Amino acid sequence: MIEYWVGVDGGGTHTRARIRDRSGKLLGEGRAAGSNLELGIPLAHRHVLTAIELARTEAGLGKGVEQQMGVGLALASAELADCYHALLAMPFPFASVRLTSDAFGACLGAFGGQEGAILIAGTGSAGLIYQEDRLHTCSGRGFPISDLGSGAWLGLRALQQALLCHDGILPPSQLAVRLLDHFKRDQAEVVRWAAKAIPADYGRFAPWVFDAASDGDELACQLLDETCTQLQTLLEGMQQLGARRIALLGGIGTRLAPRLAHLNLVSPTADALEGAILFAKSETFPCLHP
């Protein structure tokens, strides 16, 4: 019998786990590195298990309790069939494991298991409309070809523009100086770094843009305007597709939501971890890959 419900939310930067008992009491939480499935199934699997283990430790639960856990995984790139099946083929010690996308987990949490729509703008970005018991995804096809208005997208744009400042094509910028100083003002180092960088690496520069914008840096302000334009395009498109209630989520989305308030966004009821727990408990929600 399942005595504990576990929700896991995993993106490009972080993996978070939450454990509740059968009565709904919060017992513990844990955090590990990112578990976007496109970054590698074994890596994602390891980080999911680490986050749950840390949550178990915080909850004060003993070893072996995993066999009494029902786990809901809401992970980035689970919408890709090959990634979805590859992760579920990995060994898990739990009583049950159900997998869905981070977007659907966030949507279930935001609307308490009811239908609605969300746009996540975190390290990546993804929109999802849950309507008439069907799922319609928007964007979220991975960086750099998609994930518009995300932290990774913003970090990439910031580096691109900083290099143009260095070349004298764009006016001087304190943001550009800070970014290039990070690479010891060595353009070759930027190129070497970019050849190996993953979305989370680019996303780490996004807070620098917000900081510089708060100081009035013109380039940073322009970059945030561009980000808002990208998110507005997605939000308006989702409304045209029939989304009546949209919650804007994620680190980037939350910070820019006040600038997009004219689109009548709604506040989420709960987070993606709660959505993942709801998904773990019920088989009535749509499955990504039946």
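Summarised in this report is the structure supplied together with it. Once a new chain begins, its residue numbering starts again from 1 and follows that chain's sequence as written. Since the coordinates come from a predicted model, pLDDT governs what is reported: local features require at least 70, and pairs of side-chain atoms require 80 or more to be given and counted, while whole-chain, interface and lining totals use all residues. The side-chain quantities take in all heavy atoms of the structure and omit both hydrogens and water.

### As for the packing of aromatic side chains
Here's step 1: Any pair of Phe, Tyr and Trp rings, taking the six-membered ring for Trp, is counted once the centres come within 6.5 Å. Such a pair is stacked with planes under 30 degrees apart, edge-to-face with planes over 60 apart, and tilted for the rest. Enumeration over the complete set of coordinates arrives at 11 aromatic pairs.
Here's step 2: An angle of 85° between the planes, with centres 5.1 Å apart, marks the rings of Phe104 and Tyr130 as edge-to-face. One end of the pair, Phe104, is in helix H3 (residues 102-110); the other, Tyr130, is in strand S7 (residues 125-131), with 26 residues separating them in the sequence. No difference in accessibility class separates Phe104 from Tyr130, as the two residues are buried.
Here's step 3: Between Phe104 and Phe279, the aromatic rings sit 6.1 Å apart at their centres with planes inclined by 80°, giving edge-to-face as the arrangement. Of this pair, Phe104 sits in helix H3 while Phe279 sits in helix H11 (residues 272-281), placing them 175 residues apart in sequence.
Here's step 4: Residue classification places Phe104 among the buried positions, given a relative accessible area of 0%.
Here's step 5: Among the residues examined, Phe279 registers a relative accessible area of 1% and is labelled buried.
Here's step 6: Here, a charge over a ring means that NZ of Lys or CZ of Arg falls within 6 Å of the ring centre while also lying within 35 degrees of the ring normal. A cation over an aromatic ring shows up here: Arg98 above the ring of Phe279, its NZ or CZ 4.0 Å from the ring centre. In this text, helices come from DSSP runs of H or I with a minimum length of four residues, and strands from runs of E with a minimum of two, each type numbered from the N-terminal end. Whether a residue is buried, partly exposed or exposed follows from its accessible area with a 1.4 Å probe, protein chains only, as a fraction of its type maximum: under 20%, in between, or over 50%, in that order.

### Side note on the sheet that holds strand S6 (residues 116-121)
Here's step 1: A sheet is described by the order of its strands in space; here 4 strands give the open sequence S8-S7-S6-S9, paired in mixed fashion. Every other strand in the sheet has two partners, leaving strand S8 (134-138) and strand S9 (246-249) as the edge strands with one partner each. Here the strands of the sheet are splayed against their neighbours by 15° on average, with no regard to which way each runs.
Here's step 2: Strand pairing requires that DSSP identify at least two bridges connecting the strands. Note: S7 against S8, 5 bridges, orientation antiparallel. In the strand pairing of S8, Ile129 is matched with His136.
Here's step 3: Strand contacts of H3: S6, S7, S8 and S9, with the helix running at about 125° to S6, the strand carrying the most contacts.
Here's step 4: Contacts from helix H9 (residues 218-240) reach S6, S7, S8 and S9, with the element oriented near 165° to S6. Lines fitted to C-alpha atoms define the axes here, with helix axes fitted over just the stretch in contact, and angles between the N-to-C directions of these axes take values from 0 to 180 degrees. Two residues form a contact once any of their heavy atoms are found within 4.5 Å.

### Details of the pairing of S7
Within a regular strand, the side chains alternate between the two sheet faces.
Here's step 1: In terms of burial, S7 is largely enclosed, as 7 of its 7 residues are buried.
Here's step 2: Residue alternation in S7 divides its side chains into two sets, Ser125, Gly127, Ile129 and Gln131 and Ala126, Leu128 and Tyr130, and both sets are buried.
Here's step 3: Inspection of the sheet shows S6 paired to S7 by 6 bridges, in the antiparallel sense. Each residue of the ladder has a partner; that of Ile120, found in S7, is Ala126.
Here's step 4: Here S6 hands over to S7 after 3 residues, the two strands then running antiparallel side by side.
Here's step 5: Remark: 2 residues form the turn of the hairpin made by S7 and S8, two consecutive strands paired antiparallel; Glu132 in that turn has positive phi of roughly 55°.

### What to know about the environment of Gly127
Here's step 1: Residue placement: Gly127 occurs in strand S7.
Here's step 2: In the structure, Gly127 is positioned 111 residues away from Met238 in sequence and 7.8 Å away in space, judged by C-alpha atoms.
Here's step 3: Beyond its immediate stretch of four places on either side in the chain, Gly127 contacts Ile118, Leu119, His136, Thr137, Cys138 and Met238.

### Side note on the pattern of salt bridges
Here's step 1: We define a salt bridge as a contact between a side-chain nitrogen of Lys or Arg and a carboxyl oxygen of Asp or Glu at a distance within 4 Å. Following the criterion strictly, the structure yields 15 salt bridges and no others.
Here's step 2: Among the ionic pairs, Glu29 bridges to Arg18, the shortest N-O distance being 2.6 Å. Of this pair, Glu29 sits in strand S3 (residues 26-33) while Arg18 sits in strand S2 (residues 14-21); the two residues are 11 residues apart in sequence, bridging distant segments of the chain.
Here's step 3: Using a relative accessible area of 31% as the deciding quantity, one classes Glu29 as partly exposed.
Here's step 4: Counted as one network, the salt bridges with shared partners bring together Arg18, Arg20, Glu29, Asp271 and Glu274.

### Details of helix H8 (residues 206-214)
Here's step 1: Buried within H8 are the following residues: Ala206, Trp208, Val209, Phe210, Ala212 and Ala213.
Here's step 2: On its buried face, H8 is in contact with helix H4 (151-166), helix H5 (174-182), helix H7 (199-203), H9 and helix H10 (250-256).
Here's step 3: Following H8 by one or two positions, Gly216 adopts a phi angle in the positive range, close to 90°.

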